[in-house]
Amino acid sequence: MDLGVRWKLHGDGRTPAPGAVVRPDERLSWPRTAGLGAQHVVAMFGASFVAPVLMGLDPNLAIMMSGVATVVFLLATRGSVPSYLGCSLSFVGVAAVIRAQGGSSATVTGAVFVVGGALFLMGLAVRRFGARIIHAAMPPVVTGAVVMLIGFNLAPVTAWTYWPQDQWTALLVMLFTGLAVVCLRGFWSRIAIFLGLVFGYGISWVFDLVFGKIHSVDASGRLTDHWRLDLSGVGKADWIGLPALHAPSFEWSAILVALPVVIALVAENAGHVKAVGEMTGDSLDDKLGTAIAADGVGSMLSTAVGGPPNTTYSENIGVMAATRVYSTAAYWAAACFALLFGVCPKFGAVVAAIPGGVLGGITVILYGMIGLLGAQIWINAKVDLRNPLNLVPAAAGIIIGVGNVSLKISDTFSLSGIALGTVVVITGYHALRAFAPAHLKTQAPLLDEGTSSYDDAKS
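Residues numbered from 1 in each chain as written. Predicted model: local features only at pLDDT ≥ 70, side-chain atom pairs only at ≥ 80, totals over all residues. Heavy atoms only, no water.

S.K.: Is there a simple way to explain empty space enclosed by the protein in this structure?
M.R.: In this approach, a probe sized like a water molecule rolls over the atoms, and the result shows the empty space that is left. Under the defined criterion, the tally for this structure stands at two cavities of 30 Å³ or more. By volume, the second largest cavity amounts to about 70 Å³. Counting only elements with at least two residues in the lining of the second largest cavity, the list comes to helix H5 (132-137) and helix H13 (261-280). Among the elements that line the lining of the second largest cavity, the one with the most residues is H13, at three residues. Here the residues of the lining of the second largest cavity are counted per class, giving six nonpolar, two polar and two charged. (1 Å grid on protein atoms, 1.4 Å probe; cavity = no way out; pocket = protein on both sides within 12 Å on 5 of 7 lines; lining within 4 Å. Points joined across faces, edges and corners; volume = space filled by probe spheres on them. Helix = DSSP H or I, 4+ residues; strand = E, 2+ residues; numbered from the N terminus. Nonpolar A, V, L, I, M, F, W, Y, C, P; charged D, E, K, R; others polar.)

Here's what the structure looks like:
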């Protein structure tokens, strides 16, 4: 059985030709592959470390289980869908609501475990009936809008959390990373994001020596004097140590609060698989059900031991867009690094010490790339945004997603941001289509036998 763990060496394994891409079944030399894997870990680490903290869960366990979930995903998709599974930010609000109701960490993980099970069943349904049921609900205008709002919804993380911690470092890192992506050649351009982080580390250290402490908000949002690069946690952390585990607890009230997030997760997975397919030039429709089911299994495994849920990560899609290296070998390397980080608190402390200003400069580029992949889906599918049937639901959903608009349904349940924006795009498109005059519906068929409008020139 082909599990997708064999890769052909790309060229000489060192420097891809200008404009060339490293495909999922190819790899560079193992040292370079390991470096790319490390870059993927760094890209996902910020959100995967912050999200469990916001949910009241163990971040070291989150990192370790993200590695486990990624291995499950790569095996399930047989190495055809290069993706990393990290802690899902979609559940942060849900966890807050459950805790406000008096729920414990076990209650949170129990509710999310059920969501993972529901996602697994939806993935099996897509496998059974084909990707056409997803495309019936989410044609290119919808998937493009969902990918766009997922990427741009991350903008406040940069604007309010990372950038204000050190705006000048963020600006320098942004400029350096942009120059590295555009101007460097060969392998160095492929690890431009990692180089930007190293540059940011160095600049932060120099600024601390020259200017002393900075007066700004810290990682917790408090305005204070603090060092840009604080390595005190590294010295205190142990070299080896297992994270704390706990079993989930199931309460119907918490489960009902969490279940609607399934909508966002299906949309995220469909959008991410579509985005990866756009970048690699392969139609991955036949893998969509498997990807959704594998995501569900990964979340169930993580929450079963007290970790947070996982989902395919936009941040790593941004890294692939920047490097044009789609090798799943790099994701295996990333998963191995994550497992090591999970059982080695000291390594985790090193990555966690990345200054907020550095992350601000990096994420400005990465998050923007993710959002613009949605525009690429529209372009390749020739979506006509002059048609109000396409324009209105996409415009409304994107603004809701980007602005993190919230709809309070009851005292204990609300939809906001990605989830609400996704619902508005999907339901808005189909509701308008039901009442639209015939001439607005003739742009393209809704059902296409389970195939997508990928650019034939890429095939």
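S.K.: Looking at this model, I keep getting lost on the environment of Ala106. Mind explaining?
M.R.: For Ala106, the location among the structural elements is in helix H4 (residues 105-129). C-alpha separation for the pair Ala106 and Glu251, spaced 145 residues apart in sequence, amounts to 9.8 Å. Every residue in contact with Ala106, bar those within four places of it in the chain, is listed here: His246, Ala247, Pro248 and Ser249. (Contact = heavy atoms within 4.5 Å.)

S.K.: Teacher, can you tell me more about the packing of helix H10 (residues 192-211) against helix H18 (residues 356-380) here?
M.R.: A pair of packed helices can be characterised by two numbers: the angle between their axes and the separation between those axes. At their nearest, the axes of H10 and H18 sit 9 Å apart, and the two run at 155 degrees to each other. Between H10 and H18, the crossing angle belongs to the class labelled roughly antiparallel. In the crossing of H10 with H18, the sense of the turn from one axis to the other is right-handed. Listed contacts from H18 to Ile193, Gly196, Leu197, Gly200, Tyr201 and Ser204 of H10 are Val358, Leu359, Ile362 and Leu366. Residues of the contact of H10 with H18, tallied by class, amount to seven nonpolar, three polar and no charged. (Axes fitted to C-alpha atoms, helices over the stretch in contact; angles between N-to-C directions. Parallel < 35°, antiparallel > 145°, perpendicular 65-115°, else oblique. Left-handed = near helix turned anticlockwise from the far one by under 90°.)

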